[in-house]
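# Inside the fold
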Amino acid sequence: MSDTFDRRTLLRGAGLGALALGGGLFLQACSSNSSPAPSAGAGGSVAPGAFGALNFRFDWIKHVEFAGEFIADTAGYFKDEGFSSVNLIAGGPTATPAETDLVQGKAFIGLSSPSITAAAVAQGAPLKIIGATYQKNPYCILSMDKNPIPNPQAMVGKKIGVQAANNAPWNAFLKANKIDPKSLTTVPVQYDPLVLTTGSVDGWFGFSTNEPIALKQKGFASNYFLLADYNYGLVGQIFITTQDSIDKKRDALKAVLRAELRGWKDNLADPKKGATLAVTKYGTDLGLEVGEQTQEAIAANRLIVSPDTAKNGLFTMTPALIDTNMQIMALSGTSLKASQLFDMSLLDEIYRDAPTMVSSGVPTAAATP
């Protein structure tokens with residue numbers, strides 16, 4: 001594993017800042033994507049290459065969190081669905097938000113987080129969330145085994161390390177759990193959770209799919225609780241696209257989502273598959289290791305499968321889950337209505353037309369390695 005820890009949280013803050021600086025952009029009309037929009041039948045059959053090139057924008061570097069996309073690309077699932085070629089566009093700490101690329105017509109579909117997309121929509125971006133990879137966001141509070149913090153109330157009187165990029169969700173989490181910020185100490189930190197091991201902080205606001213594994217790789221025993229289990233049930237790694245694409249290119253969007261479903265089902269069955277692709281093909285310049293990336297994929301898989309997805313299919317969001325997300329974002333000042341931000345109709349149509357896709361090839365959460 002590289003000596004540096006994953007800095008994805010820096011992107012979240014950078015993305016919000018970029019949205020604030022470039023808000024005027026979102027008031028402009030959305031540029032149309034260059035991909036054509038041929039018609040596909042109910043089964044999704046379409047002439048090879050009929051949808052043209054697919055520009056797919058990530059919100060971070062090419063890391064194992066995009067395992068499903070890597071598998072879908074390598075296995076030819078996107079091409080099976082009618083795309084002539086696939087361009088997986090990396091994000092990163094210095095990249096513009098995925099929302100910007102979609103509005104400018106540089107990407108057809110992208111991945112982001114609900115709060116960042118909501119901020120863009122509030123500024124006039126004609127975007128919608130059309131699905132969610134993670135049913136639970138990986139936000140967590142990490143602590144050392146010798147000084148555990150098992151739940152939110154146990155943070156009282158403790159020092160919690162929080163990066164500046166995470167101040168908004170941290171404050172919203174405290175509010176959701178009725179914890180007075182003055183009852184604990186919020187310590188500004190950078191990206192390296194090793195400060196936990198020295199006692200500089202008692203807890204660390206991070207990602208369950210990253211820092212716990214990174215510390216374990218370095219020989220430190222830790223534990224964590226998910227914010228999603230304590231009144232902060234945001235989804236994660238959402239699919240976003242423009243309203244224009246939803247209106248005019250539904251078949252192409254459904255083709256992307258069908259390929260995605262195949263890729264993520266493969267990753268659920270074999271987490272090492274996407275991890276290997278991250279290391280050997282897509283993230284070759286990142287110093288990644290297959291063992292560590294596989295552990296991250298396993299941790300992520302636990303957030304992807306839920307009782308609701310077992311019933312309704314991967315990526316779906318129930319009305320109750322959408323309402324929960326809206327309530328959480330309202331804690332940070334979001335005043336949008338759910339209908340302004342979410343549109344699950346594409347996934348509804350996919351599963352209506354092919355009901356066997358709901359459960360086919362998807363292991364239960366317990367069966368996930």
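Residues numbered from 1 in each chain as written. Predicted model: local features only at pLDDT ≥ 70, side-chain atom pairs only at ≥ 80, totals over all residues. Heavy atoms only, no water.

## Re the confidence of the model for the protein chain
The predicted coordinates ought not to be read in detail in places where the model reports low pLDDT. Residue-level pLDDT values for the protein chain average 89, and 86% of them are 70 or greater. Contacts from residues 7-18, a stretch scored under 50 in pLDDT, to residues over four places away or in other chains number 30 contacts. (pLDDT = per-residue confidence, 0-100. Contact = heavy atoms within 4.5 Å.)

## Some remarks on the pairing of strand β8 (residues 203-207)
With five of its five residues buried, β8 lies for the most part within the structure. Judged by which residues are buried, β8 turns out to be covered on both faces: Gly 203, Phe 205 and Phe 207 on one side and Trp 204 and Gly 206 on the other are all buried. In the sheet, strand β5 (residues 139-144) pairs with β8 via four bridges, with the strands oriented antiparallel. Paired with Tyr 139 across the strands is Phe 207, a residue of β8. Bridging between strand β6 (residues 159-163) and β8 involves two bridges; their strand directions are parallel. Residue Gly 161 lies in a different strand from β8, and its bridge partner there is Trp 204. (Buried < 20%, exposed > 50% of the residue type's maximum accessible area, 1.4 Å probe, protein only. Helix = DSSP H or I, 4+ residues; strand = E, 2+ residues; numbered from the N terminus. Pairing = 2+ DSSP bridges.)

## Here we look at helix α6 (residues 167-176)
When α6 is considered as a whole, its buried residues turn out to be Pro 169, Trp 170, Ala 172, Phe 173, Leu 174 and Ala 176. The inward-facing, buried residues of α6 abut β5, β6, β7 (185-189), β8 and β9 (222-226). The positive-phi residue at the C-terminal boundary of α6 is Lys 178, with phi of around 55 degrees.

## Structural notes on the packing of aromatic side chains
Going through the model one piece at a time under the given rule, you end up with 14 aromatic pairs. Aromatic pair Phe 173 and Phe 225: ring centres 6.3 Å apart, planes at 35 degrees, arrangement tilted. With Phe 173 in helix α6 and Phe 225 in strand β9, this pair connects stretches of sequence that are 52 residues apart. You'll find Phe 173 and Phe 225 in the same group, each marked buried. Between Phe 239 and Phe 315, the ring centres sit 4.8 Å apart and the planes meet at 55 degrees, which makes this aromatic pair tilted. Placement of Phe 239 in strand β10 (residues 236-242) and of Phe 315 in the loop between α13 (307-312) and α14 (319-330) is noted, with a sequence separation of 76 residues between them. Phe 315 carries the same exposure label as Phe 239, and that label is buried. Pairwise contacts between aromatic rings join Tyr 139, Trp 170, Phe 173, Phe 205, Phe 207, Phe 225, Tyr 230 and Tyr 232 into one cluster. (Phe/Tyr/Trp six-rings, centres within 6.5 Å; stacked < 30°, edge-to-face > 60°.)

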